[in-house]
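Breakdown of the fold
Residues per chain, in single letters:
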Amino acid sequence: MGKPFLHAHHRFKNGKDHCYWSLVEKVPGPHGQWVQRPILYLGEINDSQKAAWIKSTEVFDADRQAFTQLALFPLQRSIPAHVTDAVQVRLSEFSLQRPRHWGACWVACQLWQQLHLDAFWSERLSASREGTDWKSILQVLTIYRLLDPGSEWRLHRQWWASTALDELLGLPLEVLDKDCLYRCLDQLLEHRDALFKHLRARWQDLFGAKFEVLLYDLTSTYCESDPPFPQGDKRRFGYSRDKRPDCVQVIIALIVTPEGYPLAYEVLAGNTSDKTTLKTFLEKIETLYGKAQRIWVMDRGIPTEAVLEEMRRSDPPISYLVGTPKGRLSKLEQQLLELAWQEARPQVRVKLLAQDQELYVFIESQDRLKKEREIRLRKLRELIGRLKQLQQRKQKLRRDELLLAVGQAKEQAGRVFDLVEIRWPAEGPEIDARSFTFQLRRAKYRQWRGREGRYLLRTNLTSTDPKLHWEYYLQLVEIEGAFKLLKDDLEVRPLYHQKESRIEAHIFVAFLAYCLSVTLRGQLRKLAGG
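Model, not experiment: these values are computed from the prediction.

Helical geometry: 3.6 residues make up each α-helical turn, so side chains three or four residues apart lie on a common side. Here helix α11 (residues 326–337) spans 16 Å end to end across 12 residues, near enough to the 16 Å set by a 1.5 Å rise per residue. Buried residues of α11: Leu 329, Leu 332 and Leu 336, and no others. One face of α11 carries all of its buried residues, which in axial projection span an arc of 95°. Exposed side of α11, more than 90 degrees from the buried face: Lys 331 and Gln 334 are the residues found there. Close packing links the buried residues of α11 with β12 (348–355), β13 (358–365), α14 (442–451) and β16 (454–459).

Turning our attention to the pattern of salt bridges. Across all of its chains, the model carries 32 salt bridges by this definition. Among the ionic pairs, Lys 135 bridges to Asp 133, the shortest N-O distance being 3.1 Å. Close ionic contact of Lys 484 with Asp 488 constitutes a salt bridge, the shortest N to O distance being 3.1 Å. Here the residue Lys 484 and the residue Asp 488 both occupy positions in helix α16 (residues 476–489), the gap between them amounting to four residues, near one helical turn. Of the residues examined, Lys 484 reaches a relative accessible area of 55% and is grouped as exposed. A relative accessible area of 37% means that Asp 488 is categorised as partly exposed.

Moving on: the nonpolar core. Of all hydrophobic cores here, the largest spans 113 residues; its most connected members are Trp 121, Leu 165, Tyr 216 and Trp 296. Tallying contributions element by element places helix α17 (residues 500–527) first for this core, with 13 residues. Here Tyr 216 is in contact with Ala 253, Leu 254, Ile 255, Thr 277, Leu 278, Phe 281, Trp 296, Val 297, Met 298, Ile 302 and Ile 479, once residues within four sequence places are set aside. If you look at the next biggest cluster of nonpolar residues, it comprises 17 residues, including Leu 402, Val 406, Phe 436 and Trp 448.

Rules used throughout
Residues numbered from 1 in each chain as written. Predicted model: local features only at pLDDT ≥ 70, side-chain atom pairs only at ≥ 80, totals over all residues. Heavy atoms only, no water. Helix = DSSP H or I, 4+ residues; strand = E, 2+ residues; numbered from the N terminus. Expected span 1.5 Å × (residues − 1). Buried < 20%, exposed > 50% of the residue type's maximum accessible area, 1.4 Å probe, protein only. Arc of directions from axis to C-beta. Contact = heavy atoms within 4.5 Å. Salt bridge = Lys/Arg side-chain N within 4 Å of Asp/Glu carboxyl O. Core = buried A, V, L, I, M, F, W, Y, C linked by side-chain atoms within 4.5 Å.

This is how it looks when you write it as structure tokens:
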């Protein structure tokens, strides 16, 4: 920071030159240039006031490393004789002009520099013939997505003027129009794979990140677009994780490390089945980063038996740890009962069963058991209470009203509804709330109770350390946290763009904002772990 100084602003009005003064300092900008940062707006001042302010700037003289403490007195009060260093201030004329967000924007710019994204995009987004600095506009889009996400229209009309990014980036305030923002989105997607490689190197340099364990999962995000769409468009109807089956959607597949550092992502058609995506991603990672000893951790439903067989036969073999559907647990239940429990860590015990070139890991977690049991019991009590209310209802219900009420109770109970057996009377108009009965399915209830807090995993890892397998699988919560951050904090949904390419560019900008967030978390982890 340089020494503050007085800066004059001239305005010609009605044939007269009006001179307004500000106290400013020079600070280095992100591109090596020096920019003026206003400290205080003084307005019109006379010669004596100007001299007093020049004297007061000695307080902020950082070059000499010698600060002078001055006493401040209002203009109406005279300075006492014994006070040598003092300044009189006209308090009634102080006002706050154009307050802007500075701190958060400055932190975001620092994170951008730490990832060397300015140098990366300087090679790929050259300025236009009109002088438009595309890389700085992309930086604004990313910081906007990180700090206060919204539409490009809102960025242009409201948010941009409320921040100090024009000073931090050296951009004129009027340069950011909405068309410029949209045109910037059109230039990003071709550089995605190069960005993945660049970020991988930065994660390694900044945090010593390792990439032996990779977490893979998928989510969906819906679009506010109306079909029909062009041939091959990725916007499709499919299984909506956002509870919006009425909207078209796209699928986002993401790979992160256990610490949350992203390695790659892909945007897929909205009707893509999870089990058809893994093989493509295995090839993509090998193409980008070569073959290596990696452990893929996935939830059940993503890999197929054919893909797992290819992973075992590949050279070198690709290791995996994947959740197993409940049906396989039923097949292996008798063999698992004959095995002894091993202590993996406090409150966690496991059983290991080797079979067909794989190792099955049966895990019981007391913490998970308590949590799942409390959730199930709460939902079961609410369901039974609701059904009893329907039975005891004094006002008679018609048959269709009763079915609708039971259907609503089923929707609220979810899978717990399978624990209750409802017996309807024979078909007829006499069906009402008093003519149906229900009872608990005790055999199914005992089966559920025996499986709460227990998981069956399968892996081709040669290591039989039970603690290692459990810790690997627990790390899947990191990728769930990544999706939560993308959807909730960065508002990657819903997608309002009407062009498929801009929908993908919107997700690309959200991915960049996620990278800034992960970088901040990595820096804070060094100072306050956990």
